Amino acid sequence: MVDHLKLAKLTEDVAEVLENGNDTDVPITDEYQKEAQKMLGIYKKSADAKENREVQAILSIIDRDLKRYKGQARATILRQNGW
């Protein structure tokens, strides 16, 4: 079961770290990835997502980025994205 409020708070924390954190801070934690993956699973199983390739593509990109950036320092993530 997804705790929507918990995921929202964790997402807010990720945004705060990316915006204002130290270069060594890690925004995508194991806890965040776990909660976000639960939500992605729900969306992927929904009828709209199953029938919409664009939605499936977006969900796949989010999934890929969660895995890619998990455990990386803020500075690394920002540098990889040209910031």
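Residues numbered from 1 in each chain as written. Predicted model: local features only at pLDDT ≥ 70, side-chain atom pairs only at ≥ 80, totals over all residues. Heavy atoms only, no water.

Caption draft 1: Inspection of the overall build of the protein at higher detail. Scanning the protein for helices and strands turns up 5 helices and 0 strands. Order of helices (α) and strands (β) in the protein, N terminus to C terminus: α-α-α-α-α. For the C-alpha atoms alone, the extent of the protein along its principal axes is close to 40 × 25 × 15 Å. Relative to all contacts within the protein whose residues are 6 or more apart in sequence, the contacts with residues 24 or more apart total 64%. Surface accessibility of the protein: about 5,900 Å² in total, with carbon and sulfur atoms responsible for 53%. (Helix = DSSP H or I, 4+ residues; strand = E, 2+ residues; numbered from the N terminus. Contact = heavy atoms within 4.5 Å. Areas by Shrake-Rupley, 256 points an atom, 1.4 Å probe, with all protein chains shown as cover.)

Caption draft 2: Examining the packing of helix α1 (residues 4-20) against helix α2 (residues 30-45) more closely. Taken N-terminus to C-terminus, the directions of α1 and α2 make an angle of 130°; their axes are 10 Å apart at the nearest point. The angle between α1 and α2 places the two elements in the oblique class. α1 and α2 meet at a crossing whose hand is left-handed. In this structure, α1 contributes His 4, Lys 6, Leu 7, Leu 10, Thr 11 and Val 14 to the contact, and α2 contributes Glu 31, Tyr 32, Glu 35, Ala 36 and Met 39. (Axes fitted to C-alpha atoms, helices over the stretch in contact; angles between N-to-C directions. Parallel < 35°, antiparallel > 145°, perpendicular 65-115°, else oblique. Left-handed = near helix turned anticlockwise from the far one by under 90°.)

Caption draft 3: How the structure looks around the confidence of the model for the protein. For the protein, the mean per-residue pLDDT works out to 91, and 95% of the residues sit at or above 70. Predicted confidence in the protein is weakest over helix α3 (residues 47-51), with a mean pLDDT of 72, and strongest over helix α5 (residues 74-80), with 97. (pLDDT = per-residue confidence, 0-100.)

Caption draft 4: The arrangement of the side chain of Glu 35 in detail. Its place among the elements puts Glu 35 in helix α2. Beyond its immediate stretch of four places on either side in the chain, Glu 35 contacts Asp 3, Lys 6, Leu 7 and Leu 10.

Caption draft 5: Quick look at the pattern of salt bridges. According to the stated counting rule, one finds 10 salt bridges in the structure shown. Salt-bridge contacts for Lys 9 lead to Glu 12; the nearest nitrogen and oxygen are separated by 3.8 Å. Residue Lys 9 and its partner Glu 12 are located together in helix α1, separated by 3 residues, close to a single helical turn. For Lys 9, a relative accessible area of 43% puts it in the partly exposed group. Asp 65 is the partner of Arg 64 in a salt bridge, and the nearest nitrogen-oxygen pair spans 3.1 Å. Judged by its relative accessible area of 47%, Arg 64 falls in the partly exposed class. Within the structure, one salt-bridge network assembled from shared partners comprises Lys 6, Glu 31, Glu 35 and Lys 38. (Salt bridge = Lys/Arg side-chain N within 4 Å of Asp/Glu carboxyl O. Buried < 20%, exposed > 50% of the residue type's maximum accessible area, 1.4 Å probe, protein only.)

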